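Coordinate inspection notes
Each chain, letter by letter, is given below.
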Amino acid sequence: QVQLVESGGGLVQPGGSLRLSCAASGFTFSSYAMYWYRQAPGKERELVASIGIGGTPNYADSVKGRFTISRDNANNTVALQMNSLKPDDTAVYYCKARHPTGRTYWGQGTQVTVSS
């Protein structure tokens, strides 16, 4: 059974940090590119960061220099380190796995709230 389980969300003050983690199971993790998306209330889901099979990261302009994506193929996890958080970063954050053939899996999401 395929599972993507996000964790690490919560409430943090502006300027603070959070580390999200996504644990994968049920598929060959190392063969999938991994993504973090987010969706704020009333807005469309947007791509935050991605990391390819070879480990190359990419970031949305809005998070460059503040967020870092990483993957651990030995433990089937992908992480998103989020620093200098802003209220605009408030959203539900989702993990996605995508195979080169197009097969895609999504996690259930974890809430991140940035507020004083």
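The coordinates are above.
Residues numbered from 1 in each chain as written. Predicted model: local features only at pLDDT ≥ 70, side-chain atom pairs only at ≥ 80, totals over all residues. Heavy atoms only, no water.

Turning next to the overall build of the chain. Along the backbone of the chain there are zero helices and 11 strands. Starting at the N terminus, the α and β elements of the chain follow one another as β-β-β-β-β-β-β-β-β-β-β. In terms of its C-alpha atoms, the chain occupies a principal-axis envelope of roughly 40 × 25 × 25 Å. Counting every position in the chain, which comprises 116 residues, the buried fraction comes to 39%. (Helix = DSSP H or I, 4+ residues; strand = E, 2+ residues; numbered from the N terminus. Buried < 20%, exposed > 50% of the residue type's maximum accessible area, 1.4 Å probe, protein only.)

Here the focus is the packing of aromatic side chains. Applying the stated rule across the entire model yields six aromatic pairs. With a centroid separation of 6.3 Å and an interplanar angle of 45°, the aromatic rings of Tyr35 and Tyr37 are classed as tilted. Like Tyr37, Tyr35 is buried. On the numbers, 6.4 Å between centres and 85° between planes, the contact of Tyr94 with Trp106 is edge-to-face. Pair noted here: Tyr94 is in strand β9 (residues 91–98) and Trp106 is in strand β10 (residues 104–106), with a separation of 12 residues, a long-range link. Assessed through its relative accessible area of 13%, Tyr94 is described here as buried. By the ring-pair criterion, three or more aromatic residues cluster together here, those being Tyr35, Tyr37, Tyr94 and Trp106. (Phe/Tyr/Trp six-rings, centres within 6.5 Å; stacked < 30°, edge-to-face > 60°.)

Formed by 30 residues in total, the largest nonpolar core has its most connected members in Leu4, Met34, Trp36, Val78, Leu80, Met82 and Tyr93. Only β3 (18–25), β4 (33–39), β5 (46–51), β7 (67–72), β8 (77–82), β9 and β11 (110–114) provide two or more residues apiece to this core. Filtering out sequence-adjacent residues up to four positions away, Val78 remains in contact with Leu20, Ser21, Cys22, Phe29, Met34, Trp36, Ile51, Ile69, Ser70, Arg71 and Cys95. (Core = buried A, V, L, I, M, F, W, Y, C linked by side-chain atoms within 4.5 Å. Contact = heavy atoms within 4.5 Å.)

Time to look at the pattern of salt bridges. Scanning the entire structure with this criterion turns up four salt bridges. Put simply, Glu46 and Arg38 hold a salt bridge, and the shortest N to O gap is 2.6 Å. Note that Lys64 is salt-bridged to Asp61, the shortest N-O span being 3.2 Å. Three or more residues joined by partner-sharing salt bridges are found here, namely Arg38, Glu46, Arg66 and Asp89. (Salt bridge = Lys/Arg side-chain N within 4 Å of Asp/Glu carboxyl O.)

On to the state of the cysteines, then. Here a disulfide denotes a covalent bond joining the sulfur atom of one cysteine to the sulfur atom of another. Across all of its chains, the model carries one disulfide by this definition. Two residues, Cys22 and Cys95, share a disulfide whose sulfurs are 2.2 Å apart. Of note, the bridge from Cys22 to Cys95 carries an S-S torsion of about -80° and is left-handed in sense. Residue Cys22 is located in strand β3, and its partner Cys95 is located in strand β9; the two are separated by 73 residues in the primary sequence. You can call Cys22 buried: its relative accessible area is 0%. (Disulfide = S-S within 2.5 Å.)

Our next topic: the side chain of Arg38. Along the chain, the position of Arg38 falls in strand β4. Within the structure, the side chain of Arg38 is placed 2.6 Å from the side chain of Glu46, a separation counted as a polar contact. A distance of 3.0 Å separates the side chain of Arg38 from the side chain of Tyr93, its partner in a polar contact. For Arg38, the residues in contact, after removing those within four places along its chain, are Glu44, Arg45, Glu46, Val48, Ser62, Val63, Phe67, Asp88, Asp89, Ala91, Val92 and Tyr93. (Polar contact = N/O pair within 3.5 Å; in protein donor to acceptor, adjacent residues only side chain to side chain.)

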